[in-house]
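Spelled out from the first residue to the last, the chains are:
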Amino acid sequence: MQKWVGWIFFGVFSAFAQQADYFEAEPIVVTAGRFPMRLAEISRSVTVLDSTQVRLAAHLSVQELLQQAVGVDLQSRGPAGIQADVSIRGASFENTVVLLDGIRLNDPQTAHHTLNLPVSLDDVERIEVVRGGASGWYGADAAGGVINIITRNAGSNVRLSGGQAGFYGVAASAGFTSSRHQTRFSFERRHSDGYAPRTAYDLTTLFLRSRLSLPFAALDLYAGVNDKAFDANAFYSSLYPDEWEHTRAWLGAGRLTWRKKNVQLSPLLAYRRHFDDFVLDKARPDWYRNRHTNHTLSVEWPLHLLTPYGRFSFTAEWRREWIRSSNLGEHARETLGAVAGWQRVFAGQWDVQAALYGHHHSRWGTRLWPGAEIGRRFGNHKLYAALHSAFRVPSFTELYYQSPANLGNPALQCERSVSGEIGWTVQRGPMQAGAAVFQRRGRDLIDWVRNDVKEPWRAVNLGKQVSTGIEFQAETAVRGVPSLSRMALHYSEQQSSKDTPAFQSKYVLRYLRRQAGVRLTQALSRKVELQWSIQYKQRRNEPAYTLLDATLCWSPGDWQILLRGTNLLDIAYYDFIDVPAPGRLFTAELKKSW
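Residues numbered from 1 in each chain as written. Predicted model: local features only at pLDDT ≥ 70, side-chain atom pairs only at ≥ 80, totals over all residues. Heavy atoms only, no water.

Q: Just checking my understanding: could you explain the packing of aromatic side chains for this structure?
A: For any two aromatic rings, the description comes down to two numbers: the centre-to-centre distance and the angle of the planes. Tallying each qualifying case throughout the model produces nine aromatic pairs. Look at Phe207 and Tyr222: their rings are 6.5 Å apart centre to centre, the planes differ by 40°, and that puts the pair in the tilted class. Placement of Phe207 in strand 13 (residues 201-213) and of Tyr222 in strand 14 (residues 218-233) is noted, with a sequence separation of 15 residues between them. On the basis of relative accessibility, which here comes to 3%, the residue Phe207 falls in the buried class. Owing to a relative accessible area of 5%, Tyr222 belongs among the buried residues under this scheme. (Phe/Tyr/Trp six-rings, centres within 6.5 Å; stacked < 30°, edge-to-face > 60°. Helix = DSSP H or I, 4+ residues; strand = E, 2+ residues; numbered from the N terminus. Buried < 20%, exposed > 50% of the residue type's maximum accessible area, 1.4 Å probe, protein only.)

Here it is, written out as structure tokens:
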């Protein structure tokens, strides 16, 4: 299988090398940093999943789309993103900051709930993935990287879908636009009887985005709900396979953006509430049942200045997190933070960024976390280097959870790490490519471990760890090759200094040792497109596997008919220990847009 995948890479790479007929593409602006910048100005590893990839995704959820980005490890406990963890460059899923239009979504109870997103694929314009440590810009939890989901602000549609395993879905959105006002509302409902015993689910999302243009500023309002109930087949322990869970996440936020000449002020107020009802054994719901409700209230006050000496950013932020739980008890913590950042381009060739984050936590005190990046352009090529410090605080679950299957640890310390990378990028018309060598040195990494399958998982600090890796990505639009309109490939490989532990690791040491992907888009006719996606993955000390997905799209006018197939080779594999992943699944979709 590895040889077969290698030949595919060789063929696609040869097509890149021979590609001569190209056209100019629009500059891509990335907003995942504190400064919105063109992709060519960024001196670190970035991937942008654009609207075409969203439209032709073989999967049904925003969560699953993330695995198309190099260095991203999406571990799913079921289809359609019913519950999934996302990690970047081998850092744990607790070390990824997830943003929705710049609004932080990380869950303080556990990052298992961070991807309980209030949006569907229809709401997404693009997704930006910034790899590597970023606590200098975003504070806690950014040791692996940052994901920013950019939502649409216009457009309406109706969508019906169905498929195997009793799957059906219905979705609708409506957009209203006037000279001073834009509002878009969306709804989605999905159900499945399950691809295997104890894997059924129900999911509902509601999302509202509204922008009001005032005489002196712009006001953006957000509201959303994600509600799902699902059978959790050995999600948290093989000792109790008949688990069940119901979660509900609410989001409300408002941002006021004021600009005058070279000054921009955009204060943000955000509130997120998450409810979790968990049953360890569905046959005995009252034997062991947990109900948790956590809240996050945050205020950010960013100020951006454009001066002859570069762009400056100053952000003050306050965050309060609290939880009331039948298992974890009642706890609260507060964070005060301040970010100072600077970015400048010298002589049109050099670009420099620097950031310093000052962090005060009600339990762990005050620390400073710096970061810096520098890049040099040589025509279409660019060389860059980045060095960032990062940290994260333990979740409420890691600190206080107690069950027959999992034991938290109130004595846990904060994780700390320093990550660096050296990279190269090139842009020539629609072709973009890049490569990087990276390393992360971590200390007091938090993981759940056990010595035997009959033991419960225990939360511990692992001590020191060094992770080193390489990655490559390339993508281009194509002309002159029959039926082929777009192609992309990526590869990453990494290794940890703790590859032979004397215990079983639940998360930290189950990273992807090797990951490769090829995506080919064919224009079979003016109205018919076919996209193929091949993913090769190998976890530490586990067998490699290859996944093949495909999407066939027919677009007559404002209508779309899509046929999707995932895991077409029907490969048996595990994203999580003891949780079999879905086999071959087919879905069909009818969509009307206006």
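Q: Just checking my understanding: could you explain the environment of Phe314 for this structure?
A: Relative to the assigned elements, Phe314 resides in strand 19 (residues 310-325). For the pair Phe314 and Gly341, spaced 27 residues apart in sequence, the C-alpha separation works out to 6.4 Å. Beyond its immediate sequence surroundings of up to four residues, Phe314 is in contact with Trp301, Pro302, Leu303, Leu305, Val339 and Ala340. (Contact = heavy atoms within 4.5 Å.)

Q: Got a minute to help me understand the pattern of salt bridges in this structure?
A: For side chains bearing opposite charge, pairing can occur when the charged atoms are close. Counted according to the given criterion, the structure contains 39 salt bridges. Close ionic contact of Arg159 with Glu589 constitutes a salt bridge, the shortest N to O distance being 3.9 Å. Of this pair, Arg159 sits in strand 10 (residues 157-163) while Glu589 sits in strand 38 (residues 585-593), and the two are 430 residues apart along the sequence. Given the relative accessible area of 7%, Glu589 is considered buried. Residues Lys592 and Asp558 are paired through a salt bridge, measuring 3.8 Å at the closest nitrogen-oxygen approach. Of the two residues, Lys592 sits in strand 38 while Asp558 sits in the loop between strand 34 (545-554) and strand 35 (559-566), which places them 34 residues apart along the sequence. On the accessibility criterion, Lys592 (25% relative accessible area) is partly exposed. If you follow the salt bridges from partner to partner, you end up with Asp122, Arg159, Glu188, Arg190, Arg564, Glu589 and Lys591 in one network. (Salt bridge = Lys/Arg side-chain N within 4 Å of Asp/Glu carboxyl O.)

Q: In this structure, what is going on with empty space enclosed by the protein? I would like to understand it.
A: Empty pockets left among the atoms are what a rolling probe the size of a water molecule brings to light. Under the definition given, this model contains 15 cavities of 30 Å³ or more. If you trace the largest cavity, you find 33 residues lining it, with His59, Glu64, Pro79, Thr566 and Leu585 closest to the centre. Contributing elements (two or more residues each) for the lining of the largest cavity: strand 4 (72-76), strand 33 (528-539), strand 34, strand 35 and strand 38. Here the residues of the lining of the largest cavity sort into 15 nonpolar, 12 polar and six charged. (1 Å grid on protein atoms, 1.4 Å probe; cavity = no way out; pocket = protein on both sides within 12 Å on 5 of 7 lines; lining within 4 Å. Points joined across faces, edges and corners; volume = space filled by probe spheres on them. Nonpolar A, V, L, I, M, F, W, Y, C, P; charged D, E, K, R; others polar.)

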